[in-house]
Amino acid sequence: MGGAAAAPRGQRPAGPPVPDADESRSPRGEARIEDALADPVVAAVRDTGGYGGAVYLRSRDRRSLVLCVMSGVPRSLLKPWWRIPVSGALPMCEAFRSGETQYLPDDRATMLRFPQFTAALPYSFAHAYQPVRVGGETVGVLAVLHSSFREPAGEAEVREGLRRAVQEMEERLAAYAHGLPGRTDADAVAYGIEYDDQPVSVRLPAPRAEAVAVGMVEWDLAGGRWTGDDDALELLGVSRDEFGGTLAAVEERVSPDDLYELRAARRDAEETGQVRGRHFRVLDASQDDSEAVRYRPVELWGHVVRTGTSDRLLVGALVDVAGGVTAAEAAERLPDGLFSLDQDGRVIYANRRCQDLLGCDLERLLGHYPWRVLPWLHDPAYEDRYRAAMLTQQPVSYLVRDPDGVWLGFVLYPGVHGLTGRVFPTAAPAGAEPGRGPPPPAGPAGGPPRRGSPPPPGGGWHRGRARPPPAARAAGPTGLVTTARAGALYHVVQMASVLTESVTVRDVCRAVSEQLLPAFGAQEVALYTVRDGRMYLLWEDGYPQHFLDPFEGVSLEADLPGVHALTTRLPLFFKSPEELVGAYPRLALDPMMSWAFLPLIASGHPVGSCILGWSTPHRFTAEERSALTALAGLTAQAMERARLYDAESAVARGLQEGLLPHRLPAIDRLRITARYLPGTKGMDIGGDWYDVIRTGRGVALVIGDVEGHSVGAAAVMGQLRSAVHSFAASGRPPHEVVTHTNQLLAELETDVFATCCYIELDPATGHALAVRAGHPPPLLRHPDGSAEPLELPGGVLLGVQPDADYPVTELTLEPGSVLALYTDGLVEVPGSDIATGIETVRTCLAVSRTDSMEELADRMLGAARRAEDRPDDVALLLTAYDPADAS
């Protein structure tokens, strides 16, 4: 019940569908499914110019897509998406369901097509998804991620790269499936391609690192004096005795083509107080006319500081781009704090200046997330900067106020293998208040860093004061935001979005089942509602057959966890059968190992309970408990709204049905049947109607449609039907019936219009008179099976012109003919014109060679019944003329 994906064809082969996690990790060397995926993922990232890739495979129960292999993207960042429902409004799910490539070049395209995905990941990046098929079945999805800020690869290039990678992946998966025990049937190959384990990370190839030569320099911007250590002079290609110590002496060593860069560095320093990576070439050594000139590429980095002898002294480093001493040694000489995070966000390096600024030694930082080691960084906004940098692959910057009241600037520089960060003291931002944290960073992904950040007034970059003891620094700043993780946020946002689109109680129950089970890895769910002081089952999925029967209609005083969760309004979590039995000794247990009992409370009103079960022991973290409790609240609100909708909709539908004929009259020589389908949008009732009326000359076949969908439209429909019935039964000819009905509608001043088709048929002869007022043409199927629309000359809509004239058309029905009257809801399809819809219905009428009018009516309404989106109601009136069928 409520499965998100269709079951595969045929019987599943005997034996386990995939090797168990423990077995697949044994040293016996059998094939593992990630081995078939790793190389194609890396190739897809390389060939499409991306920075990350992932492969989702379907789960064993076919409800979910499970992340199997990932590369270039942090595991922690994608954790909320390790397992997602196949029915989810996410691009990978859409690619899986539709079997089509999904290409999203930027955040705008993602927002337009998948707003729920953007709500959870509000960052600008490009991504594409390609379905993976094995044995004729879609078994997974390959995804690649790109930076939308860099020169993008063309869509054709991305699609071609994905196609090649998926082709290789499909071949490897087929070979893997054939090698599984018991997989000899060719039709069963795809059944071996499924996954329920944790994702496997595959590292993207990295360029070989080379040593970096760094020399320290000081540049007096006011006087033009240059000084440098031996390393810096060596990079400039001069000895200390040869170097003049001036800007002119440096310019002599710089390539004439790059002098602008050196001068631009001075401008950067004077305008921003910082030089960041100005690149130029210098002579490799002293040259004479007989030697070929050779240049060495270098970069200049530095900050402007104030000293006793100069107010504008640039202190920095000259870096050999081609190689030299280690980057760590160079970083220790810089005035800023530098740190590096691995791909998952854990600290792998921090120079001494960084440790001093953060007030934490390297031993405590290494291998940990910085926002967990330092409580004052334990704010979702700061962790969000890391996610923004890694997903956009663009630098981001932000300000933080530490517990001592000192403001620090952070700049993050991301890469596919991790992130390098810079931290430095800075002045307080505008609007900052004592004792409060900084204003929130602008924008969801932060802005790119400026060229430089000015030092605090009069202080240089060093604080010049003692650090408080670590215990004193454990407390965060006043008003620290409560911690929230992306995983919990995503599930809440996703569920809220899905429940917003759920209209009926059944819609809500299906949404809860399809979202909660995959999101939290549960295997069963039951939803109960309260009615007259008792609990009644609304929906269940995953339970043994008839297991829940004894709990149907239990009192709110019953000693049951689901009842207690509702009456106490507190969720109950049991991580083992022992815990559950200890609390409820007489409770019958299902095969599950862990349970959650969640109260459904809406606006203080008890709605019901939601019960979740896990087949393996499950530890409920504080974050997960909070998320489940919040989701239960959303479910309760949606359930209450849906129950109100169902009740009001039932009243509205009852009114609609009450205005239509309860039974059609039996007419000799005619077989007549009718159908009515309400629209699927909203609960407003429509104005479609039909009738069969005995007249003095035969029988009147009538169908009409009042404009609009409301109680008012239904009321006008009832008035028109009564008027037509009265005029026809009094013996008036067809044109007078329609003319008088038009005048009546105009006199009612209802501001609505209506269409109508009126045909008076003599069953004895087959002779008919037809009048049409703005209505779609009727269809006639001849005895030979051919069908055609009857293009009757018609008049304007009813109610438009009180004195309108409606011409009459004479028809003759041959024995065996079938006449079809219908409203526009049957032939109007979103995205198509009405002529195409009429032709579709005409074809159905022609090919449906059945003598049963009931069966024919069902066939003609088949497409309309199956449509999930039916904006208009539908009425159909079928009449078969058979003179031999006389009582």
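This structure is a prediction, so every number in the text was calculated from the model and none was measured. (Residues numbered from 1 in each chain as written. Predicted model: local features only at pLDDT ≥ 70, side-chain atom pairs only at ≥ 80, totals over all residues. Heavy atoms only, no water.)

A. Spotlight on the overall build of the protein chain. When helices and strands are tallied, the protein chain shows 25 helices and 33 strands. Across the 887 residues of the protein chain, 51% fall into the buried class. A separation of at least 24 residues holds for 63% of the contacts in the protein chain among residues at least 6 apart in sequence. Surface accessibility of the protein chain: about 39,400 Å² in total, with carbon and sulfur atoms responsible for 53%. (Helix = DSSP H or I, 4+ residues; strand = E, 2+ residues; numbered from the N terminus. Buried < 20%, exposed > 50% of the residue type's maximum accessible area, 1.4 Å probe, protein only. Contact = heavy atoms within 4.5 Å. Areas by Shrake-Rupley, 256 points an atom, 1.4 Å probe, with all protein chains shown as cover.)

B. Examining helix α7 (residues 155-178) more closely. Over its 24 residues, α7 extends 34 Å from the first C-alpha to the last, a length consistent with the 34 Å expected when each residue adds 1.5 Å. Burial in α7 covers these residues: Val158, Gly161, Leu162, Ala165, Val166, Met169, Leu173, Tyr176 and Ala177. Those residues of α7 that are buried are in contact with α2 (33-48), β1 (52-58), β4 (102-104), β5 (126-134) and β6 (137-146). (Expected span 1.5 Å × (residues − 1).)

C. Local environment of the packing of α2 against α7. Where α2 meets α7, the closest approach of the two axes is 9 Å, and the angle between their N-to-C directions is 170°. If you check the angle between α2 and α7, you find them roughly antiparallel. For the pair α2 and α7, the contacting residues are Ile33, Asp35, Ala36, Leu37, Asp39, Pro40, Val41, Ala44, Asp47 and Thr48 in the first and Glu157, Val158, Gly161, Leu162, Arg164, Ala165, Glu168, Met169, Arg172, Leu173 and Tyr176 in the second. Looking at the contact of α2 with α7 residue by residue, the class counts come to 12 nonpolar, two polar and seven charged. (Axes fitted to C-alpha atoms, helices over the stretch in contact; angles between N-to-C directions. Parallel < 35°, antiparallel > 145°, perpendicular 65-115°, else oblique. Nonpolar A, V, L, I, M, F, W, Y, C, P; charged D, E, K, R; others polar.)

D. The arrangement of the pairing of strand β22 (residues 594-602) in detail. Burial runs high along β22: eight of the nine residues are buried. Sheet topology note: the strand β21 (residues 572-574)/β22 ladder contains three bridges and is antiparallel. For Phe574, the partnering residue across the bridge sits in β22 and is Trp595. Here β22 runs beside strand β23 (residues 605-614); their pairing, made up of nine bridges, is antiparallel. Counted as the bridge partner of Ala596 is Leu612 from β23. Hairpin connection, β22 to β23: the antiparallel pair is bridged by two residues, and Ser603 has positive phi, about 55°. (Pairing = 2+ DSSP bridges.)

E. Quick look at the sheet that holds strand β18 (residues 524-531). The strand order across the open sheet built from six strands is β20-β19-β18-β23-β22-β21, with neighbouring strands paired in antiparallel fashion. The sheet terminates laterally at β20 (554-555) and β21, the two strands that pair on one side only. When strand β19 (residues 534-541) meets β20, the two strands line up antiparallel, connected through two bridges. Note on β20: the bridge partner recorded for Met535 is Val554.

F. Spotlight on the sheet that holds strand β13 (residues 337-342). The antiparallel open sheet is built from five strands, whose spatial order is β14-β13-β17-β16-β15. Only two strands of the sheet have a single neighbouring strand rather than two, namely β14 (347-350) and β15 (396-401). Across the sheet, the mean angle separating the axes of adjacent strands is 20° when strand polarity is ignored. Sheet strands touched by helix α15 (residues 380-392): β13, β15, β16 (407-415) and β17 (418-425). Its angle to β15, the strand with the most contacts, is close to 170°.

G. Region of the structure containing empty space enclosed by the protein. Here the structure, examined in full by the defined rule, presents five cavities of 30 Å³ or more. Estimated volume of the largest cavity: approximately 260 Å³. What lines the largest cavity is a set of 21 residues, and nearest its centre among them are Phe551, Pro561, Leu587, Phe597 and Ile611. Sorting the residues of the lining of the largest cavity by element identifies β18, α18 (561-568), β22 and β23 as the ones contributing at least two each. Top contributing element to the lining of the largest cavity by residue count: α18, with three residues. Of the residues in the lining of the largest cavity, the class split is 17 nonpolar, two polar and two charged. (1 Å grid on protein atoms, 1.4 Å probe; cavity = no way out; pocket = protein on both sides within 12 Å on 5 of 7 lines; lining within 4 Å. Points joined across faces, edges and corners; volume = space filled by probe spheres on them.)

H. The arrangement of the side chain of Glu624 in detail. Within the element layout of this structure, Glu624 appears in helix α20 (residues 622-659). Here Glu624 sits buried without a salt bridge, and the closest side chain of opposite charge, Arg625, lies 7.2 Å off (N-O distance). Here Glu624 is in contact with Phe520, His618 and Arg619, once residues within four sequence places are set aside. (Lys, Arg positive; Asp, Glu negative; His and termini not counted. Salt bridge = Lys/Arg side-chain N within 4 Å of Asp/Glu carboxyl O.)

I. Layout of the packing of aromatic side chains. Evaluated as defined, the whole model comprises 12 aromatic pairs. Between Tyr382 and Tyr398 the ring centres are 5.8 Å apart and the planes differ by 15°, which places this aromatic pair in the stacked class. In this pair, Tyr382 is assigned in helix α15 and Tyr398 in strand β15, connecting sequence segments 16 residues apart. By the burial criterion, Tyr382 is buried, and Tyr398 matches it. With centroids separated by 5.4 Å and ring planes inclined at 5°, the aromatic side chains of Tyr398 and Phe410 adopt a geometry described as stacked. (Phe/Tyr/Trp six-rings, centres within 6.5 Å; stacked < 30°, edge-to-face > 60°.)

J. Quick peek at the confidence of the model for the protein chain. In this model, the protein chain carries a mean pLDDT of 81, and residues with pLDDT of at least 70 account for 82%. Between residues 1-29, whose pLDDT stays under 50, and residues either more than four places distant or in other chains, the model counts 57 contacts. Within the model, the stretch residues 434-486 combines pLDDT values under 50 with 119 contacts to residues more than four positions away or in other chains. (pLDDT = per-residue confidence, 0-100.)

K. Spatial organisation of α18. Within the span of α18, buried status applies to Pro561, Gly562, Val563, Ala565 and Leu566. Arg569, located one to two residues past α18, shows a positive phi value of around 60°.

L. Here's a closer look at the packing of helix α23 (residues 834-847) against helix α24 (residues 853-860). Between α23 and α24, the least distance of the axes is 10 Å, while the angle of their chain directions is 150°. For the element pair α23 / α24, the angle class is roughly antiparallel. Where α23 crosses over α24, the two elements pack in a sense that is right-handed. Two secondary-structure elements touch here, α23 through Val841, Cys844 and Leu845 and α24 through Leu856, Arg859 and Met860. Of the residues in the contact of α23 with α24, the class split is five nonpolar, no polar and one charged. (Left-handed = near helix turned anticlockwise from the far one by under 90°.)

M. Looking closely at the side chain of Thr850. Positionally, Thr850 belongs in the loop between α23 and α24. Separated by 3.2 Å, the side chain of Thr850 and the backbone nitrogen of Ser852 make a polar contact. Ignoring sequence-local partners within four residues, the contact set of Thr850 consists of Arg781, Glu855, Leu856 and Arg859. (Polar contact = N/O pair within 3.5 Å; in protein donor to acceptor, adjacent residues only side chain to side chain.)

N. Main features of unusual backbone geometry. With a phi close to 70°, His546 is a non-glycine residue in the positive phi region. Topologically, His546 is positioned in the loop between β19 and β20. On the basis of relative accessibility, which here comes to 55%, the residue His546 falls in the exposed class. A positive phi angle, close to 60°, is found at Arg569, a residue other than glycine. Along the chain, Arg569 turns up in the loop between α18 and β21. Given a relative accessible area of 41%, Arg569 falls into the partly exposed group.

O. Representation of the nonpolar core. Met92 and Phe117 are the most contacted members of the largest nonpolar core, which totals 59 residues. If one sorts the elements of this core by residue count, α15 sits on top with six residues. When near neighbours in sequence (up to four residues on either side) are disregarded, Phe117 contacts Trp81, Leu90, Pro91, Met92, Thr110, Phe125, His127 and Tyr129. Counting residues in each nonpolar core, the second largest holds 51 residues, with Leu720, Val752, Cys756 and Val771 among its members. (Core = buried A, V, L, I, M, F, W, Y, C linked by side-chain atoms within 4.5 Å.)

P. Fine view of a nonpolar patch on the surface. On the surface, Phe753, Val796, Leu797 and Val800 cluster together into a nonpolar patch covering about 270 Å² of accessible area. With respect to the secondary-structure elements, Val796 resides in the loop between β30 (787-789) and β31 (809-812). (Patch = residues over 30% accessible without salt bridge, like charges linked within 9 Å, V, L, I, M, F, W, Y side chains within 5 Å.)

Q. The arrangement of the state of the cysteines in detail. Scanning all chains against the criterion turns up zero disulfides. In this model Cys509 remains outside any disulfide bridge; the closest cysteine sulfur is found in Cys610, 9.4 Å from its own. Take Cys509: its relative accessible area is 2%, and that puts it in the buried class. We note that Cys756 lacks a disulfide partner, and the nearest cysteine sulfur, in Cys757, lies 6.9 Å from it. Exposure remark for Cys756: the relative accessible area of 4% places this residue in the buried category. (Disulfide = S-S within 2.5 Å.)

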